[in-house]
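Each chain is listed here by its residues.
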Amino acid sequence: MAAAAPPPPPTPAPEPSTALPETTPLGHPLFTRIRLATIIDVPHIHKLIHQMAVFERLTHLFSATESSLSSTLFSATSQPFQSFTIFILEVSPNPFTDTHFANDPFYIPTVKVVNLDLPIDDPERETFRTHHGDDVCIAGFVLFFPNYSTFLGKPGFYIEDLFVRECYRRKGFGKMLLSAVAKQAVKMGYGRVEWIVLDWNVNAIKFYEEMGANILQEWRICRLTGEALEAYGGAD
């Protein structure tokens, strides 16, 4: 009688996989949207401007009110990109579900997902929460308007303010706002985008230089305001 065949060796257990499932998100996704501001955003814009004045150590010059912002930035005759224009940066831990701005005739919002290493702890989330979803809040803004270059023979945009709230800085959001203005300038065939930077803000200067912006050392701002403006404006 033939001997029975030996049993097959046991199949080794598979080594545990170190690969993440395809459905596992990497990092902490943050959904961002750049859109045109509306008059409903004025209370948030006013708070952002005040925070910017604090950051720039210029609160002694801050006198804007919600009423003055509403009447000057959102007058009945003003049109985006032809007058004062504001892009709002909104953020949310979840995808945007509202359709308030999808059919804006002037600007279709730019939506992007940013993967962060750590979630952002926003202590002012309730203060800057918008009307466009319980989890949507405003992280920053950029205000700009048309100017003109006689040397180029073309209009351009001048950026008056660009501000990102403290907890959202160093995440690339300032660059996103600047890029949105630059893209609009290119779309409209404009010749340049300009802004100023405080000489002590070395982080901003380095950031702008890395973008390819020229820091014009030989130019100085001249400004008439307050009593001096009244004096010259009332002179014959």
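Residues numbered from 1 in each chain as written. Predicted model: local features only at pLDDT ≥ 70, side-chain atom pairs only at ≥ 80, totals over all residues. Heavy atoms only, no water.

J.: Please set out the overall build of the protein residue by residue, giving values where relevant.
T.: Helix and strand counts for the protein stand at 5 helices and 6 strands. For the protein, the N- to C-terminal ordering of α and β elements is β-α-α-β-β-β-β-α-β-α-α. Evaluated residue by residue, the protein yields a buried proportion of 32% over its 236 residues. Looking at the protein as shown, the accessible area adds up to about 15900 Å², and 57% of this sits on carbon and sulfur atoms. (Helix = DSSP H or I, 4+ residues; strand = E, 2+ residues; numbered from the N terminus. Buried < 20%, exposed > 50% of the residue type's maximum accessible area, 1.4 Å probe, protein only. Areas by Shrake-Rupley, 256 points an atom, 1.4 Å probe, with all protein chains shown as cover.)

J.: I'd like to hear about the packing of helix α3 (residues 173-187) against helix α4 (residues 202-211), residue by residue, with values.
T.: When two helices pack together, their arrangement is given by the angle between the helix axes and by the axis-to-axis distance. For the pair α3 and α4, interaxial distance at closest approach is 12 Å and the crossing angle is 50°. By the angle class used here, α3 and α4 are oblique. Between α3 and α4 lies a crossing whose hand is right-handed. Residue-level contacts link Gly174, Lys175 and Leu178 of α3 to Phe207, Tyr208 and Met211 of α4. The residue inventory of the contact of α3 with α4, partitioned by class, reads 4 nonpolar, 1 polar and 1 charged. (Axes fitted to C-alpha atoms, helices over the stretch in contact; angles between N-to-C directions. Parallel < 35°, antiparallel > 145°, perpendicular 65-115°, else oblique. Left-handed = near helix turned anticlockwise from the far one by under 90°. Contact = heavy atoms within 4.5 Å. Nonpolar A, V, L, I, M, F, W, Y, C, P; charged D, E, K, R; others polar.)

J.: Can you tell me about unusual backbone geometry, naming the residues and giving the values?
T.: Unlike most non-glycine residues, Phe81 shows phi in positive territory, near 75°. Position of Phe81 among the secondary structure elements: in the loop between α2 (66-73) and β2 (85-92). Phi angles above zero are rare outside glycine, and Arg170 is one such case at about 60°. Among the secondary structure elements, Arg170 is positioned in the loop between β5 (154-164) and α3.

J.: Could you give an account of the pairing of strand β4 (residues 137-149), with specific residues and numbers?
T.: Inspection of the sheet shows β2 paired to β4 by 7 bridges, in the antiparallel sense. Looking at β4, one finds that Ile86 is bridged to Leu143. In this sheet, β5 lies alongside β4 in antiparallel orientation, the contact comprising 10 bridges. Within β5, the residue paired with Phe145 across the bridge is Tyr158. The hairpin turn running from β4 into β5, its antiparallel successor, is 4 residues long, and Gly153 in that turn takes a positive phi close to 70°. (Pairing = 2+ DSSP bridges.)

J.: Could you give me a rundown of the packing of aromatic side chains, with the residues and numbers involved?
T.: Under the criterion given, the structure shown has 14 aromatic pairs. On the basis of an interplanar angle of 55° and a centroid distance of 6.3 Å, the ring pair of Tyr168 and Phe173 is categorised as tilted. By relative accessible area, which is 0% here, Phe173 ends up buried. Among the aromatic side chains, those forming a connected cluster through ring pairs are Phe81, Phe87, Tyr107, Phe144, Phe157 and Tyr190. Above the plane of the ring of Trp200 lies Arg57, whose end atom (NZ or CZ) is 4.0 Å from the centre. (Phe/Tyr/Trp six-rings, centres within 6.5 Å; stacked < 30°, edge-to-face > 60°. Lys NZ or Arg CZ within 6 Å of the ring centre and 35° of its normal.)

J.: Describe in detail a nonpolar patch on the surface, supporting the description with residues and values.
T.: Nonpolar side chains collect at one region of the surface, where Phe55, Leu198 and Trp200 lie side by side and expose about 230 Å² of accessible area between them. Mapped onto the elements, Leu198 comes out in the loop between β6 (193-194) and α4. For Leu198, a relative accessible area of 30% puts it in the partly exposed group. (Patch = residues over 30% accessible without salt bridge, like charges linked within 9 Å, V, L, I, M, F, W, Y side chains within 5 Å. Salt bridge = Lys/Arg side-chain N within 4 Å of Asp/Glu carboxyl O.)

J.: Describe in detail the pattern of salt bridges, supporting the description with residues and values.
T.: For side chains bearing opposite charge, pairing can occur when the charged atoms are close. Per the stated rule, a full pass over the model turns up 8 salt bridges. A salt bridge links Arg33 to Glu90, with the nearest nitrogen and oxygen atoms 2.7 Å apart. Residue Arg33 is located in strand β1 (residues 28-36), and its partner Glu90 is located in strand β2; the two are separated by 57 residues in the primary sequence. Taking relative accessible area as the criterion, Arg33 reaches 4% and is therefore assigned buried. Exposure remark for Glu90: the relative accessible area of 0% places this residue in the buried category. Across the pair Arg33 and Asp98 runs a salt bridge, and its minimum N-O distance is 3.2 Å. Within this pair, whereas Arg33 is found in strand β1, its partner Asp98 is found in the loop between β2 and β3 (110-116), the two being separated by 65 residues in sequence. By relative accessible area, which is 16% here, Asp98 ends up buried. A single salt-bridge network, built from bridges that share partners, covers Arg33, Arg35, Asp41, Glu90 and Asp98.

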